[in-house]
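The lines below spell out each chain.
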Amino acid sequence: MKLAGATYMEIHQAGGGINFTVERTRQASEEELFGSLQQRLQCMMRAGTTLVECKSGYGLNLETELKMLRVIERARRQMAVGISATYCGAHSVPKGKTATEAADDIINNHLPKLKELGRNGQIHVDNIDVFCEKGVFDLDSTRRILQGGKDIGLQINFHGDELHPMKAAELGAELGARAISHLEEVSDEGIAAMATAGCSAVLLPTTAYMLRLKQPRARKMLDEGVIVALGSDFNPNAYCFSMPMVMHLACVNMRMSMPEALAAATINAAYALGKSHTHGSLEVGKQGDLIIINSSRWEHLIYQFGGHNELIEYVIAKGKAVYKK
Ligand SMILES: N=CN[C@@H](CCC(=O)O)C(=O)O
């Protein structure tokens, strides 16, 4: 449908997209989910990623959201890659519920359970996410859910202004969001509010490319002083493991310079996860995450589109080689 020109929401409304993945995720065992997560994280590490945000959001009911978060927790404990865990129970409105009912369920049942499991050390969740979009969660439901997450100590890091202008950026700035992702349809006022609030913009060039959306206005955001980060948006709709390719697309399609793309994929991405005190740059006191490439110039990592497999010799996390070509 997508290649033939259907829009993201047409596919979603026809039962594809998130709804399709929700059905499969509900059916999958924890072991199966862990196996696929492990394999995908290894692919990301080989492409140079040492810290990654992993989201739930394909369960929607409490039982499956918790299953996803347990799988993420297991990866966080067992794997060399750093993980920031995001609860995204408001990724879509579950069948049989209205958005208001789904928001009530999240606030009254999901969030208290997350708080309890966090307190007794069973799972660690860092961030809360909502898909704030026309036909999914409106601004009011988004506000209630994000505020509920903030009240239990989660950082706000949510989907906003992707397919329609929603005033999500303005809302995020008001709520003290750490980051908002997508932002293809952000308003000028939203950009100004994000800059003032220190709310970072997580731009996702693969999504704009694969959904044939207009590009987010990276240049305007940078000029206005927004902290611009880049993400791969790895999900069934944008299957890309490679941050070097994401940086390349950001330079070509969003007109970012190579140093801007590098900063966006490292220190600013760490900021978007509240981790820039430990990650994102090589500084005394931070953990030693770096890659070693076989090239006379670092720019080749971006310039050679899809060339990272050849270029990356070592990936080092916390000072230890986690991948060697
Ligand atoms: N836009 C909503 N969420 C995801 C896509 C999820 C899916 O289609 O499975 C995103 O960030 O791109």
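An unreviewed UniProt entry lists the chain under the name Probable imidazolonepropionase, with Myotis myotis given as the organism. Checking UniProt for the chain, the heading Cofactor (unreviewed entry) contains the comment "Fe(3+)". Taken verbatim from the UniProt record of the chain, the Sequence similarities (unreviewed entry) comment is "Belongs to the metallo-dependent hydrolases superfamily. HutI family."

### Concerning the overall build of the chain
Secondary structure summary: the chain contains 15 helices and 10 strands in total. Taking 20 Å as the expected radius of gyration for a compact globule of 325 residues, we find that the chain reaches 19 Å, a close match to that expectation. By principal-axis analysis of the C-alpha atoms, the chain measures approximately 55 × 45 × 45 Å. The buried share of the chain, reckoned over its 325 residues, is 52%. Look at the contacts in the chain between residues 6 or more apart in sequence, and 65% of them connect residues 24 or more apart. For the chain, the exposed surface amounts to about 14,500 Å²; the carbon and sulfur share of it is 51%. A gap of 5 Å separates the mean positions of the 35 positive and 36 negative side-chain charges of the chain.

### Thoughts on unusual backbone geometry
The phi torsion at Asp 161 lies on the positive side, around 50 degrees, for a residue other than glycine. Residue classification places Asp 161 among the buried residues on the basis of a relative accessible area of 1%. Even without glycine at this site, Lys 167 takes up a positive phi of about 65 degrees. Judged by relative accessible area, which is 52%, Lys 167 ranks as exposed.

### Let's talk about the site of the ligand
Around the ligand, the surrounding shell consists of Tyr 8, Ile 18, Tyr 58, His 91, Phe 131, His 159, Glu 162, His 182, Asp 233, Asn 235, Pro 236 and Asn 237. Take His 159: an N or O atom from its side chain is 2.8 Å from an oxygen atom of the ligand. In this structure, an oxygen atom belonging to the ligand sits 2.8 Å away from a side-chain N or O atom of His 182. Here the ligand has 330 Å² of accessible area as a free molecule, and 97% of this is covered by the chains. Taken together, the residues of the shell around the ligand sort by class into 5 nonpolar, 5 polar and 2 charged.

### A short note on the side chain of Asn 157
Within the secondary structure layout, Asn 157 lies in strand β4 (residues 155–160). Judged by relative accessible area, which is 2%, Asn 157 ranks as buried. A polar contact is formed between the side chain of Asn 157 and the backbone oxygen of Ala 272, at a distance of 3.4 Å. In this view, Asn 157 contacts Glu 53, Asn 127, Ile 128, Asp 129, Ala 179, Ala 272 and Leu 273; residues no more than four positions away in its chain are not counted.

### Regarding the pairing of strand β9 (residues 312–317)
When strand β8 (residues 290–293) meets β9, the two strands line up antiparallel, connected through 4 bridges. Residue Ile 292 lies in a different strand from β9, and its bridge partner there is Tyr 314. Across 4 bridges, the pairing between β9 and strand β10 (residues 320–324) is antiparallel. Residue Ala 317 lies in a different strand from β10, and its bridge partner there is Lys 320. Hairpin connection between β9 and β10: a loop of 2 residues separates the two successive antiparallel strands, and Lys 318 in this loop has a positive phi of roughly 50 degrees.

### Observations concerning the sheet that holds strand β7 (residues 228–230)
Taking strand neighbours across the sheet as the criterion, the 7 strands line up as β1-β2-β3-β4-β5-β6-β7 in an open arrangement whose pairing is parallel. A strand with exactly one partner marks an edge of an open sheet, and here the two such strands are β1 (51–55) and β7. Averaged over all pairs of adjacent strands, the angle between their axes in this sheet comes to 25 degrees, without regard to strand direction. When strand β6 (residues 200–203) meets β7, the two strands line up parallel, connected through 3 bridges. Note that in β7 the partner of Ala 201 across the bridge is Val 228.

### Concerning the packing of helix α4 (residues 62–78) against helix α5 (residues 99–119)
Following both chains from N to C, one finds α4 and α5 inclined at 35 degrees, their axes separated by 11 Å at the closest point. Seen along the crossing, α4 lies across α5 with a hand that is right-handed. Two secondary-structure elements touch here, α4 through Leu 62, Glu 65, Leu 66 and Leu 69 and α5 through Asn 109, His 110, Lys 113, Leu 114 and Leu 117. Partitioning the contact of α4 with α5 into residue classes produces 5 nonpolar, 2 polar and 2 charged.

Conventions used here
- Just so you know, the residues in each chain are numbered from 1, in the order the chain's sequence is written.
- Per-residue local features of the predicted model are confined to residues with pLDDT of at least 70, and side-chain atom pairs are confined, for both listing and counting, to 80 or more; whole-chain, interface and lining totals are unaffected and use all residues.
- Based on all heavy atoms of the structure, the side-chain values leave hydrogens and waters out of the count.
- UniProt positions are given in the numbering used here, feature names are shortened, and annotations may be inferred rather than shown by experiment.
- Secondary structure elements follow DSSP: runs of H or I no shorter than four residues count as helices, runs of E no shorter than two count as strands, and numbering proceeds from the N terminus.
- Only the C-alpha atoms count toward the radius of gyration. The rule for a globule is 2.2 Å times the residue count to the power 0.38.
- The cut-offs for exposure are 20% and 50% of the maximum accessible area for each residue type, with area from a 1.4 Å probe on protein chains only; residues under the lower value are buried, those over the upper are exposed, and the others partly exposed.
- Note on definitions: a residue-residue contact is assigned when non-hydrogen atoms from the two residues lie within 4.5 Å.
- Each accessible area is a Shrake-Rupley estimate made with a 1.4 Å probe; only the visible protein chains count as cover when residues are assessed.
- By the counting rule applied here, Lys and Arg register as positive and Asp and Glu as negative, while His and the ends of each chain are not counted.
- In this description, the location of a charge corresponds to atom NZ of lysine, CZ of arginine, CG of aspartate or CD of glutamate.
- Only heavy atoms are used to decide nearness, and a residue is near a molecule or strand if one of them lies within 4 Å of it.
- Two N or O atoms form a polar contact when they lie within 3.5 Å of each other; inside protein one atom must be a possible hydrogen donor and the other a possible acceptor, and for residues adjacent in sequence the pair counts only when both atoms belong to side chains.
- Gly is placed with the polar residues, together with every amino acid not listed as nonpolar (Ala, Val, Leu, Ile, Met, Phe, Trp, Tyr, Cys and Pro) or charged (Asp, Glu, Lys and Arg).
- Any two strands between which DSSP finds at least two bridges are classified as paired.
- The axes are straight lines fitted to the C-alpha atoms, using for helices just the contacting stretch, and the angles between their N-to-C directions are given from 0 to 180°.
- Less than a right angle of anticlockwise turn of the near helix away from the far helix marks a crossing as left-handed, whereas a clockwise turn marks it as right-handed.

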